[in-house]
Amino acid sequence: MSQTVFVPARARLCRARVLSTIRLSSRYFLLRIVRPDEMPASAPGQFVHVAVPPGGRFFLRRPLSIHNCDDNALELLIVEAGEGTRRMRRLASGDSLDFYGPLGGAFPRSVTRVLAIGGGVGLAPLYYYGRRNAGGFRGTYRLLYGARTRDDLFLEHVPLEAQGVGLATDDGSYGFAGNVVSLAAAELDRDEADVLFSCGPTVMMRAVQRLADERGLAHYASLENRMACALGACRACVVPVRGARGREFRTVCHDGPVFDGSVLDWDGLPVP
Amino acid sequence: MTTPPDISVTTGPVTFANPVFLASGICGYAGEYAPLVDISLLGGVVTKTITMRPRSGNQPPRVHELPFGLLNSIGLENIGLDAYVADKLPALRDMEVSVIVSVAAETRDEFERLADAFAGCDGYLGIELNLSCPNVEDRALDLGRNPSFVESITHIVKVRIPDRVLWVKVTPNVTDIGEVAAAAEAGGADAISAINTVVGMDFDLNTGKPVFAKGGAGYSGPGILPIALRKVWECAQAVSIPVVGIGGISSVSDARKMFLAGASAVQVGTALYVEPGLPQNIIAALAEHPGWMRARVAGEPSEDNR
């Protein structure tokens, strides 16, 4: 276990009001929340731990990456995967919502040319990074987004392509036909980068690590994991890393969620 | 100005300002919840269980959500006695937190060494013996089910650290919890902590395999409240020392039921993940209704229990 001094998260328990839920596709929706005054400033890569609306059988908070946040609104990109997220999808404007955050570490800011690769709901922190980046999604911060099929690209709701995001679909129904990591390799051939960011299914991020190793690039991956406290206390969400003292466990919620891909023990990560 | 009601609780040589504690495992070493909870307002905090040697804990996955609860298989990951005494205990002294240190071991010899080490430290108010975690080797759990082992270990620790509290945390995974509790009392325990998690299991229908590599895991959360209430009741019948009620408390009402079952204090665990404000809500409710703390049902419900 890490023996360094524990620095608690700069987080607050916030009670907020829902602005709206916007259905993006058959499985994805955007939850827009009034940004509470008491919520500390957040950085791309961080997440919030959101209470499930009451009445169901499952009640643990869900850790949800911040998709966008400004003075007025906090946006969360959510895939409807079970009872908890289903109850969130049914929230209406004016409903109250309880969360704590922001939590976790952010993607590094002092980087030069970044190629970011997002898959599925992993788009969220990478999209937020681009929104906070002066150049948007072109130039020194390029974002590629891969989904299974056209429906999951939210084309009618989020102007990803117009904003310069490169799109890929596994089934070829839109954009680059094939794996988003293949698109990334082609992008690097066209125009180099210094560092890769990734967030998405473990198998995708693992492929990005291989690409980073091939090209001699740094790689920062944002992981997810089942969480309980989300504060670094309970040690439920650990992943194995190769630390100074050999193989160690680090928490995704507090030591992560962003990790240097070269220290992760990829074989030991949860899949997907 | 009226004086606030007395909701203190005394176990052995120590009096705590109020009867609401954080359970072991929730708050690793006490600092993590600082952004959300003012833990100095609680009766106290029971730390993550410490063992002689550092433990890296179980391979992930370590938690699995269930209806009305959570299965955990953390595996007693902890930094070990030496690092705890050198790094964590001094830091806790600086915070105004009442600390109960949870300890676990597998042999008599290890318990003696742990007790000797803590006897030489300050900054904590007592020890909670963890004889009940489902997520360590079966042998340790079997010993926690053995009344004469429980009595013997309790005695070993109590004689070495006589001026601090000694709580013995018992497992619900036994036939007669009262017998184990009585053995702890005979060994010199100041209070019984009941219960630890309930052994459970789940299967992944995609793989056809158990969710956890080790198979069994500990079930906690609102689903175990009925079991915890019953076990607290049985312990309270069996001993005359206080019982600290733990297991599934997710609301002020649940805490109130624990007192009815015979608890003199309560610990909040899993519910903290959902509602960080719960411990303080329970304290506030008790301050308004201090009679709830004395409302133990031993025949007729008391007048105060309204």
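Residues numbered from 1 in each chain as written. Chains lettered and ligands numbered in written order. Predicted model: local features only at pLDDT ≥ 70, side-chain atom pairs only at ≥ 80, totals over all residues.

S.K.: Account for the overall build of chain A, with residues named and values stated.
M.R.: A tally of helices and strands in chain A yields 4 helices and 15 strands. By principal-axis analysis of the C-alpha atoms, chain A measures approximately 50 × 50 × 35 Å. Counting over 272 residues, chain A shows a buried share of 52%. Residue pairs at least 24 apart in sequence account for 63% of intrachain contacts in chain A once pairs closer than 6 positions are excluded. (Helix = DSSP H or I, 4+ residues; strand = E, 2+ residues; numbered from the N terminus. Buried ≥ 20, exposed ≤ 12 C-beta atoms within 10 Å, placed from the backbone. Contact = placed C-beta atoms within 7 Å.)

S.K.: So what's going on with the sheet that holds strand E7 (residues 114-119) of chain A? Which residues, and what values?
M.R.: Residue and element names in this part refer to chain A. A sheet is described by the order of its strands in space; here 7 strands give the open sequence E10-E9-E8-E7-E11-E12-E15, paired in mixed fashion. Each edge of the sheet is formed by a strand with only one pairing partner; in this case those strands are strand E10 (176-177) and strand E15 (258-260). As defined by bridge partners, E7 adjoins strand E8 (residues 141-147) across 6 bridges and the pair is classed as parallel. In the strand pairing of E8, Val114 is matched with Tyr141. (Pairing = 2+ DSSP bridges.)

S.K.: Can you lay out the environment of Gln46 of chain A for me, pointing to particular residues and giving the numbers?
M.R.: All names here are of chain A. Summarising the element assignment, Gln46 is placed in the loop between strand E2 (28-34) and strand E3 (47-50). On the neighbour-count criterion, Gln46 (26 C-beta atoms within 10 Å) is buried. Along the chain, Gln46 and Ala106 lie 60 residues apart, while their C-alpha atoms are 5.4 Å from each other. When residues no more than four places from it in sequence are discounted, the contact partners of Gln46 are Ile66, Gly101, Pro102, Leu103, Gly104 and Ala106.

S.K.: So, the nonpolar core: which residues are in play, and what are the values?
M.R.: Val208 of chain A together with Leu22, Ile192 and Val232 of chain B are the most contacted members of the largest nonpolar core, which totals 189 residues. The element best represented in this core is helix H6 (residues 225-238) of chain B, accounting for 8 residues. Once you skip the residues sitting within four places of it in the chain, Ile192 of chain B turns out to touch Val168, Val170, Ala181, Ala184, Cys235, Val239, Ile241, Val243 and Val244 of chain B. (Core = buried A, V, L, I, M, F, W, Y, C linked by C-beta atoms within 7 Å.)

S.K.: Tell me about the interface of chain B and chain A, and name the residues and values.
M.R.: One frequently used descriptor of interface size is the decrease in accessible area upon assembly of the parts. Counting residues at the interface gives 30 residues for chain B and 29 residues for chain A. Only strand E5 (63-66), strand E6 (69-72), helix H1 (80-94) and helix H8 (271-274) of chain B provide two or more residues apiece to the side of chain B that touches chain A. By residue class, the composition of the side of chain B that touches chain A is 19 nonpolar, 6 polar and 5 charged. (Nonpolar A, V, L, I, M, F, W, Y, C, P; charged D, E, K, R; others polar.)

S.K.: Any chance you could break down the pairing of E3 of chain A for me, citing the residues and the numbers?
M.R.: Residue and element names in this part refer to chain A. Alternating residues of E3 divide into Phe47 and His49 and Val48 and Val50, and every residue in both groups is buried. Bridge count between E3 and strand E6 (residues 96-103): 3 bridges; the pairing is antiparallel. Note on E6: the bridge partner recorded for Phe47 is Leu103.

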